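Remarks on the overall topology
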Amino acid sequence: MGYLRESDVVVIGGGIIGTAILRELSKYDLKSVLVEKEPDLATGTTKANSAILHAGFDAPAGSLKAITNVRGNALYHILENQLDLDIKWTGSLVVATDEEELATLTELLERGQKNGVKDLAILSPEEVLKKEPNLTQKVTGALWAPSAGICWPFQAAVAFAQCAVQNGAEVLTNCRVEKITVSDGRVQEVVTNQGVIKTKYIINAAGVYADEIAKLAGDSSFTINPRKGEYILFDKTATATMVEGVVFPTPSKKGKGVLVCTTTHGNTFIGPSAEDIEEKDDAGVTVNGMEKIITLARKLVPSIPLGAAITEFSGLRAVSDTGDFIIREAQVKGLIHAAGMQSPGLTAAPAVAEEVVEIIRNSDLRTVLKANFKSVLPRKIIFERLSRQKQAELIAQDKKYGRVICRCETVTEAEIVNAIQESCGARTVDGVKRRTRAGMGRCQGGFCGPRVTQILARELDIPITEVLKERKDSHLFYEKFSGKEGEL
């Protein structure tokens, strides 16, 4: 197998951590390439999490989680405008319902202050219910963190990748790592199903598979155990009877607990559960999981409008056996780990990227900052959010803006075409959904799904039978043969 290309750095994994690292690398005069085994970016943990930009009071003081959480939160305030990220700085509440939990809030407050989180405060029951009147009347107080927020994680990952690409980096999807060649104690090559990449450094940002990637280079220094979190998503109509921000229960040793939270698009969700599992691709939802999160969510919001639920989903968190993020160079020279990125990994991502690139800068690899780094991405058109006048002007310029494909979310054909044609564009139905929200509404793609499939086939110039829902082999349509070769 010949060389696919040569690169200074190969980033393995196209989630929020890998794409943030690629963007940080693209600030330097380096040849950097990201490889992702799936047809699209961010199809793992990044697409299925709570989407919260945490304030930083939860992790132990001095831990990598704490340091990168607080730094990452601050960086998102800068990146928000540069990358046109969909973020709402809602603040968050950690709610106590008895005196013991109220004492825990004091511990979280003190921890947060040690971590450098600003403006934390413990609110009275009256103050809490003024912010969120649908909460249980058993509230005894809450920790208020005004610096917390919510975001659109998939959009953030794609934006990181697009910024990196506009600065000379490369992104390869459908590119599965099969082997890492090591010689004289140093990495030499990444062998993929598309060819061999000769490289000097490898960044391991492979999520729940990070320990398996490490083993390919002969490093068995840590393990990653998947933890499943299940969620229920509600229609936008449910918000009025639930919450308008981020509401946590008082945390346990296993995690932050089942929360009730809004999204940047106006929906509300409850979850996640926390079930340690063995299979790293088991993202199925279960009856037990649903019952558990409903029961726990009702302790915060007694009137959960289950009739407004529109979908259930789950995501896997990469839990390391170290209990903290793993950000370090391996004993194998040239292999750098960014592993164990469970919560608050989303918030920490841009800060983790800084930490990883700092290791590169202190290596034997020559790193020179680019004088012309382009930090800003063009703003995307979201037709639904425009005024009637602006919508009419767009339709006059391009009639595809006048064809609404997704009625639930008012997504136009032009927006879908743009999502396919742009840098790091959609190649699957779910890729279109996560870039445009076509299929995320009440009917969950019942109306727009076939139309999105047709547009993908047309724009990618492929048969309908080659259009994928999300991952490899997730075909939506199959050819039916009548017996005569070539006849449908």
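Figured I'd write up the structure that's included with this text. (Residues numbered from 1 in each chain as written. Predicted model: local features only at pLDDT ≥ 70, side-chain atom pairs only at ≥ 80, totals over all residues. Heavy atoms only, no water.)

Some remarks on the packing of helix 10 (residues 413-421) against helix 11 (residues 429-436)
Closest axis-to-axis distance for the helix 10/helix 11 pair is 10 Å, and the angle between their directions is 115°. Put simply, helix 10 runs roughly perpendicular to helix 11. By crossing handedness, the relation of helix 10 to helix 11 is classed as right-handed. Every residue of helix 11 that contacts helix 10 at Glu415, Ile416, Ala419 and Ile420 is listed here: Val432, Arg435 and Thr436. A class-by-class count of the residues in the contact of helix 10 with helix 11 yields four nonpolar, one polar and two charged. (Axes fitted to C-alpha atoms, helices over the stretch in contact; angles between N-to-C directions. Helix = DSSP H or I, 4+ residues; strand = E, 2+ residues; numbered from the N terminus. Parallel < 35°, antiparallel > 145°, perpendicular 65-115°, else oblique. Left-handed = near helix turned anticlockwise from the far one by under 90°. Contact = heavy atoms within 4.5 Å. Nonpolar A, V, L, I, M, F, W, Y, C, P; charged D, E, K, R; others polar.)

Comments concerning the sheet that holds strand 4 (residues 87-88)
Taken in spatial order, the three strands of this open sheet run 3-8-4, and their pairing is antiparallel. Only two strands of the sheet have a single partner each, and these edge strands are strand 3 (52-53) and strand 4. In this structure, strand 3 lies alongside strand 8 (residues 149-151), joined through two bridges in antiparallel fashion. Bridging from a neighbouring strand, isoleucine 52 pairs with isoleucine 150 of strand 8. (Pairing = 2+ DSSP bridges.)

Remarks on the environment of threonine 465
Checked against the element boundaries, threonine 465 lands in the segment after helix 12 (449-460). Distance from threonine 465 to phenylalanine 477, taken between C-alpha atoms, is 5.0 Å for residues 12 residues apart in sequence.

Focus on the nonpolar core
In a soluble, globular protein the nonpolar side chains are often hidden away together inside. Judged by nonpolar contacts, the single largest core of 52 residues is most densely connected at Ile16, Ile17, Ile21, Tyr76, Val352 and Ile360. Contributing elements (two or more residues each) for this core: strand 1 (3-12), helix 1 (16-25), helix 2 (64-82), helix 5 (153-166), strand 12 (195-204), strand 20 (335-339) and helix 8 (345-361). Contacts of valine 352, omitting those with residues within four sequence positions, involve Ile17, Thr68, Phe325, Ile327, Ala338 and Met341. Val33, Val187, Ile213 and Ile277 belong to the second largest nonpolar core, which has 28 residues in total. (Core = buried A, V, L, I, M, F, W, Y, C linked by side-chain atoms within 4.5 Å. Buried < 20%, exposed > 50% of the residue type's maximum accessible area, 1.4 Å probe, protein only.)

What about the pattern of salt bridges?
For the structure shown, the criterion picks out 29 salt bridges. A salt bridge links glutamate 329 to lysine 333; the nearest nitrogen and oxygen atoms lie 3.9 Å apart. Lysine 333 gets classed as partly exposed once you look at its relative accessible area, which sits at 33%. (Salt bridge = Lys/Arg side-chain N within 4 Å of Asp/Glu carboxyl O.)

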